[in-house]
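One-letter residues, chain by chain:
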Number of protein chains: 2
Amino acid sequence: MDLQPSPFAPTELPQMDALDGFRPMTAAMGMKYQGRDDLLVVEMTKGTSVAGVYTKSKCCSAPVDWCKEHQGNGSARMLVVNAGNANAFTGTHGVSSVTTVGEAAAKLADCSPSEIFMASTGVIGEPLDPSFITSAMEHLMKDGNSVDWHTASAATMTTDTFLKVATASADIDGVPVTIHGIAKGSGMIAPDMATMLSFVFTDAPIAARALQDLLSKHVETSFNATTVDSDTSTSDTLMAFASGAAKERGCAEISEGDDPRVETFSDALSALLKDLAKLVVKDGEGASKFLSITVEGAESDEAAKRVALAIANSPLVKTAAAGEDANWGRVVMAVGKAGEMADRDKLAIWFGSMRLAHEGQRDPDYSEEVASEYMKNAEIDICTHLGVGEGSATVWTCDLTHGYITINGDYRS
Amino acid sequence: MDLQPSPFAPTELPQMDALDGFRPMTAAMGMKYQGRDDLLVVEMTKGTSVAGVYTKSKCCSAPVDWCKEHQGNGSARMLVVNAGNANAFTGTHGVSSVTTVGEAAAKLADCSPSEIFMASTGVIGEPLDPSFITSAMEHLMKDGNSVDWHTASAATMTTDTFLKVATASADIDGVPVTIHGIAKGSGMIAPDMATMLSFVFTDAPIAARALQDLLSKHVETSFNATTVDSDTSTSDTLMAFASGAAKERGCAEISEGDDPRVETFSDALSALLKDLAKLVVKDGEGASKFLSITVEGAESDEAAKRVALAIANSPLVKTAAAGEDANWGRVVMAVGKAGEMADRDKLAIWFGSMRLAHEGQRDPDYSEEVASEYMKNAEIDICTHLGVGEGSATVWTCDLTHGYITINGDYRS
């Protein structure tokens, strides 16, 4: 199937220089895709620390199980990502596949299998033949050249229509460090479990526990605040790797996430994760509109987020956006179904800077014409005030279009 | 917008004779629709008992508030239903509209306003001018003729493409009684709060409390086991009215829902509610497939239902059905995201009588060809065994098609 590129595809990609301690390589395995690279291997320097956040699916994939099991050691030497087969719901065969790949990679990198991390994305339930990966990996480690980070990201794509990369700078106690991030994902995207696949790399010397603290904190307001279709993948993986190479430039080693010296890094990481998360939503299957849904005046931030997600996941809100219909009544419906405290008679709704509803009814100044005009924008902000407290949250989603139906009616075949 | 009739539109409607104690009448108000009846008034004999189940939306409509407030009295004399305007999120104006209609109706029927029940369906947030209803009602009560139950049901339709009616017989202690049911609804259909609008009428002499017990019990396995789009309406209403006219034929009066003499009535009511609920799903906006989702082997019946709903509400499962793709991996995904206990390595999935997955992986006998052939059926049964307990549940839904997007991209305009 030829996918139309998303209208939100960035016209320019950020420059991403080589990053000390990381060596990305890609290969075309010929396992599912033809004529494109579908394997990413990132070799990492000794002492690289690792943190991760994974899907909460009760049917998570074999590589997710593997990563969860080994992450506790806090040390990484290689990341292996394949596209085209999720190695999910593959039973004992799946376990044996990841073990084969993990052991082969450990031999090539001269490390323990517990320092190998893996992710797989693609079809669920199809047995994965590990020999495609092991032979391509062997070739790469012997004769492979480093690739740039854009090429690295491209090798992980499935139904994605554009590359998702971001980069940020920070300093730790005066020493500049770099963060690179890549992500893939377009459908089967729902919050509260990170996204499909995203990987963050930094040369900052940050210990695994501190890295985990920062990642767990910022995932809530980035990937866990997005949804394309409310469907949670079996394979969602967000990992961060810190090579510590900046130590050689005098960078302080960070062992705790709340170390005040890591503040600008933390802010930069947060912004980078938000950028990547928004890119995933902007490439949401069939997306023609990007929606920012803000809920204020809720009982708590958590309640605000649940209401925002109810709005963001409503097929009726999403199809109205696709039809450029300022159908704020459907926002009322979604607030009502969310089950959180809301004062119907104080409820207010804004589209952009226009207040459409106020004190539980249509705003007296409501203009259908002006509201409809606003809906023609590609990026739409919807803000709802519940009138019961101080809690607030923002989530991001896209509209639900004919494109989504077309893509998902015959993705597998 | 001209809506294509659902492929599930019944080719024949059940015969529904006049029912003692009820007088249905309809009128064309010209409030929103042109050239069709959009007001249903059912006058009821003195002593008719009433029961109801309503939306759990926190933003429920003014008529829902009215019905909830007055239902406790247990006595009904008139039902007034309008299509085209939901009178939801209409603030104090909405309250004053229902009060005006309720008081006018009470005067015409010579009863208390608390014996008038109302329901409204249509656009949310649009002020409803009660004079359309009161003047049509006045005309009907003076000069109106009774209509048959099919015509009654037709007056409540909005995006429905076919009439939804059902009838059943039962006997109470040897005396035959009749139950007639009508329903409307096509989009904004989600379970756990009854459906858009459905009304059940019987000549059986069943006291309000007993009627409520029966209705509350059977709604769980009928309307509350359906979903079209996971979006819960502000206006969902299911009411039952019992005129007691069968007393004249010697029927025993029933005052408790667990009276053994009401057993065949209870079974007939349950079957009738299931019939109506399935009709609503079969007219789901854009539906081309009807899906029965059964979950077995769950920790409890409640857990089974939550997993069944996660499958039924998954856009990826629904679009796969639309595309006739036997994509059982998406069923695995939906089981995983439901958050209920499931043993991934014991999970089994059947499509019809074919087992596609077994013990946590693809069934060795899996045939893509045979599975694909099965997906061409209009009615598809998906059964999942979670492998952890004895709980089970069945829910009904439809597929997600281009038709849904088209209908909801410009419903309001």
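Residues numbered from 1 in each chain as written. Chains lettered and ligands numbered in written order. Predicted model: local features only at pLDDT ≥ 70, side-chain atom pairs only at ≥ 80, totals over all residues. Heavy atoms only, no water.

As annotated in an unreviewed UniProt entry, chain A is Arginine biosynthesis bifunctional protein ArgJ from Cohaesibacter gelatinilyticus. Its UniProt record gives chain A a comment under Subcellular location (unreviewed entry), which states: "Cytoplasm". What UniProt records for chain A under Subunit (unreviewed entry) is the sentence "Heterotetramer of two alpha and two beta chains." (UniProt positions renumbered as here; feature names shortened; annotations may be inferred.)

A. Quick peek at the relation of the copies chain B and chain A. Each copy of the sequence occupies a distinct position, and chain B is placed on chain A by a rotation of 180° and an axial shift of 0.0 Å, giving an RMSD of 0.0 Å. Such a turn and shift between the copies fits a two-fold axis. Of every C-alpha in chain B, the one belonging to B:H402 sits nearest the axis of rotation, 2.8 Å from it. The fraction of interface residues of chain B whose copies in chain A are also interface residues reaches 100%, indicating that both copies meet through the same surface. (Least-squares fit on C-alpha atoms with pLDDT ≥ 70 in both. Contact = heavy atoms within 4.5 Å.)

B. View of the interface of chain B and chain A. Residue-level contacts link 61 residues of chain B with 61 residues of chain A. For the pair chain B and chain A, the summed buried surface comes to about 5,100 Å²; carbon and sulfur atoms form 57% of the total. Linking chain B with chain A are four salt bridges, by the criterion used here. Between chain B and chain A we count ten residue pairs in polar contact (both at pLDDT 80 or more) in total. Those elements that place two or more of their residues in the side of chain B that touches chain A are α2 (91-109), α8 (315-322), α9 (329-337), β13 (361-362) and α11 (402-409) of chain B. With seven residues, the single largest contributor to the side of chain B that touches chain A is α9(B). (Buried area = accessible area lost by both parts, 1.4 Å probe. Salt bridge = Lys/Arg side-chain N within 4 Å of Asp/Glu carboxyl O. Polar contact = N/O pair within 3.5 Å; in protein donor to acceptor, adjacent residues only side chain to side chain. Helix = DSSP H or I, 4+ residues; strand = E, 2+ residues; numbered from the N terminus.)

C. Expanded view of the pattern of salt bridges. All names here are of chain A. Summed over all chains, the structure comprises 33 salt bridges over all chains. Salt-bridge contacts for K289 lead to E324; the nearest nitrogen and oxygen are separated by 2.7 Å. Highlighted residues: K289 in the loop between α6 (263-282) and β10 (290-298) and E324 in the loop between α8 (315-322) and α9 (329-338), separated in sequence by 35 residues. Residues joined in a network through salt bridges with shared partners are D160, K164, K184 and D283.

D. Structural view of the packing of aromatic side chains. Counted under the stated rule, the structure contains 16 aromatic pairs over all chains. Where B:F22 meets B:W149, the ring centres are 6.4 Å apart and the plane angle is 70°; that geometry is what we call edge-to-face. With B:F22 in strand β1 (residues 22-27) and B:W149 in helix α4 (residues 149-154), the pair connects residues that are 127 residues apart, well separated along the chain. The class of B:F22 is buried, set by a relative accessible area of 8%. Ring plane angle 75° and centroid distance 5.2 Å describe the contact between B:F22 and B:F201, whose orientation is recorded as edge-to-face. You can see B:F22 sitting in strand β1 and its partner B:F201 sitting in strand β7 (residues 197-202), a full 179 residues away along the chain. Summarising the burial analysis for this pair, B:F22 and B:F201 share the class buried. Three or more aromatic residues joined by ring pairs make a cluster, and in this case those are A:F22, A:F117, A:W149, A:F201 and A:F241. Residue placement shows A:R36 over the ring face of A:Y33; its charged tip is 4.1 Å from the ring centre. Its end group placed over the ring of B:F162, B:K164 keeps NZ or CZ at 4.7 Å from the ring centre. (Phe/Tyr/Trp six-rings, centres within 6.5 Å; stacked < 30°, edge-to-face > 60°. Buried < 20%, exposed > 50% of the residue type's maximum accessible area, 1.4 Å probe, protein only. Lys NZ or Arg CZ within 6 Å of the ring centre and 35° of its normal.)

E. Summary view of the domain arrangement of chain A. All names here are of chain A. Split into domains, chain A comes out as domain 1 (22-282) and domain 2 (290-409). On the side of domain 2, 13 residues touch domain 1, which itself brings 15 residues to the contact. Summing both partners gives a buried area of about 1,200 Å² for domain 1 against domain 2, and 63% of it is carried by carbon and sulfur. Looking at the side of domain 1 facing domain 2, the largest losses of area belong to A225, T227 and V281, adding up to 36% of the total buried there. Of all the elements in the fold, those that place two or more residues in the side of domain 1 that touches domain 2 are β8 (226-227) and α6. The dominant element in the side of domain 1 that touches domain 2, judged by the number of residues it contributes, is α6, at four residues. Grouping the amino acids of the side of domain 1 that touches domain 2 by side-chain chemistry returns four nonpolar, six polar and five charged. (Domains from an automatic or database assignment. Nonpolar A, V, L, I, M, F, W, Y, C, P; charged D, E, K, R; others polar.)

F. The environment of B:V219, seen in detail. Residues and elements named next belong to chain B. Tracing the sequence through the fold places V219 in helix α5 (residues 208-219). V219 sits in the buried class, given a relative accessible area of 2%. A C-alpha to C-alpha distance of 14 Å links V219 and E302, two positions 83 residues apart in sequence.

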